[in-house]
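A closer look at the structure
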Amino acid sequence: MNDRVNPKIKQFLQRYFGGTDLASIMTFLDKGFSLNGQVVVSTIFVSAQECRVPVTRVLAECEKEWDRNWNFQHPELRGNPDAPGGAGMQNRASLEKIYTALGIPSPREGRARKRV
């Protein structure tokens with residue numbers, strides 16, 4: 001299990017999570033995300049933790065996007081906001097939906113604030 005999760009992503013997550021939270025996140029990522037997808041989804045979990053959002057709530061929102069979008073994408077594109085064509089746009093929309101549903105700022109919002 002967790003064979004598809006990049007070892008560096010796992011190490012990154014181990015700095016923030018342990019026990020069942022880490023196991024749940026790893027199981028979700030093991031569904032087969034692209035490397036960039038693993039990075040951005042992992043970042044959601046860490047950002048949510050910093051805002052005291054429970055892992056179970058983050059997982060629920062990620063599962064919604066899995067069912068709506070990611071399940072239908074090729075693993076090389078899955079979750080990658082920079083994927084070519086419509087897949088990248090769909091992934092950006094999925095990520096924004098998750099951040100919005102959790103009530104936490106997305107990295108995109110952070111960049112917009114810095115420009116002002």
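Every chain is numbered independently, its residues counted from 1 as its sequence is written. The predicted origin of the model limits local features to residues at a pLDDT of at least 70 and limits the giving and counting of side-chain atom pairs to 80 or more, whereas totals for whole chains, interfaces and linings rest on all residues. Calculated side-chain values reflect all of the structure's heavy atoms, with hydrogen atoms and water omitted.

1. Focus: the environment of Glu50
- With respect to the element layout, Glu50 can be found in helix 3 (residues 35-50).
- Each residue is placed in one exposure class: buried if its accessible area under a 1.4 Å probe, protein chains only, is under 20% of its type's maximum, exposed if it is over 50%, and partly exposed if it falls in between. Owing to a relative accessible area of 55%, Glu50 belongs among the exposed residues under this scheme.
- For the pair Glu50 and Ala93, spaced 43 residues apart in sequence, the C-alpha separation works out to 22 Å. Only runs of H or I of at least four residues qualify as helices and only runs of E of at least two qualify as strands under DSSP, and these elements are numbered from the N terminus.

2. Here's the deal with helix 3
- Taking 1.5 Å per residue as the helical rise, helix 3 with its 16 residues ought to reach 22 Å, and the 23 Å between its terminal C-alpha atoms agrees with that figure.
- For helix 3, the set of buried residues is Gly37, Gln38, Val40, Val41, Ser42, Ile44, Phe45, Val46, Ser47 and Ala48.
- Throughout, a contact is declared for two residues whenever any of their heavy atoms are within 4.5 Å. Here the buried face of helix 3 lies against helix 1 (7-14), helix 2 (19-29), helix 4 (55-68) and helix 5 (85-102).
- Two residues or fewer past helix 3, Arg52 is found with a positive phi of approximately 60°. Expected span of a helix, by definition, is 1.5 Å for each gap between consecutive residues, and there is one gap fewer than residues.

3. Thoughts on the environment of Phe17
- Along the chain, Phe17 turns up in the loop between helix 1 and helix 2.
- We classify Phe17 as buried; its relative accessible area is 7%.
- For the pair Phe17 and Val46, spaced 29 residues apart in sequence, the C-alpha separation works out to 8.6 Å.
- Setting aside chain neighbours within four positions, we find Phe17 in contact with Leu22, Ile25, Phe45, Val46, Gln49 and Val55.

4. Examining the nonpolar core
- One finds Leu13, Val41 and Phe45 to be the most contacted residues of the largest nonpolar core, which totals 28 residues.
- For this core, the secondary structure elements donating two or more residues are helix 1, helix 2, helix 3, helix 4 and helix 5.
- Counting residues per element, this core draws most heavily on helix 3, at six residues.
- With near-sequence residues (within four places) excluded, Val41 lies in contact with Phe28, Leu29, Phe33, Cys62 and Trp70. Put simply, a nonpolar core is a bunch of buried Ala, Val, Leu, Ile, Met, Phe, Trp, Tyr and Cys residues held in one set by side-chain atoms that sit within 4.5 Å of each other.

5. Examining the confidence of the model for the protein
- Looking at the protein, pLDDT values average 92 and 91% of them are 70 or higher.
- Every residue is assigned a pLDDT by the predictor, reflecting its confidence on a scale from 0 to 100. The weakest mean pLDDT in the protein belongs to helix 6 (residues 107-115) at 56; the strongest belongs to helix 4 at 98.
- Here residues 111-116 is a poorly scored stretch, pLDDT under 50, and it has one contact once near neighbours within four places are set aside; other chains count.

6. Quick word on the packing of aromatic side chains
- Centre distance within 6.5 Å is the pairing criterion for rings of Phe, Tyr and Trp, where only the six-membered ring of Trp is used; planes under 30 degrees apart are then read as stacked, over 60 as edge-to-face, and the remainder as tilted. For the structure shown, the criterion picks out five aromatic pairs.
- Seen in terms of ring centroids, Phe28 and Phe33 are 5.3 Å apart; in terms of plane orientation they differ by 45°. Their pairing is tilted. Assigned by exposure class, Phe28 and Phe33 land together as buried.
- Relative to Trp70, the ring of Phe33 lies with its centre 5.2 Å away and its plane at 80°, an arrangement referred to as edge-to-face. Within this pair, whereas Phe33 is found in the loop between helix 2 and helix 3, its partner Trp70 is found in the loop between helix 4 and helix 5, the two being separated by 37 residues in sequence. Just as Phe33 is buried, Trp70 falls in that class too.
- Taken together, the ring pairs in this structure connect Phe28, Phe33, Trp66 and Trp70 into an aromatic cluster.

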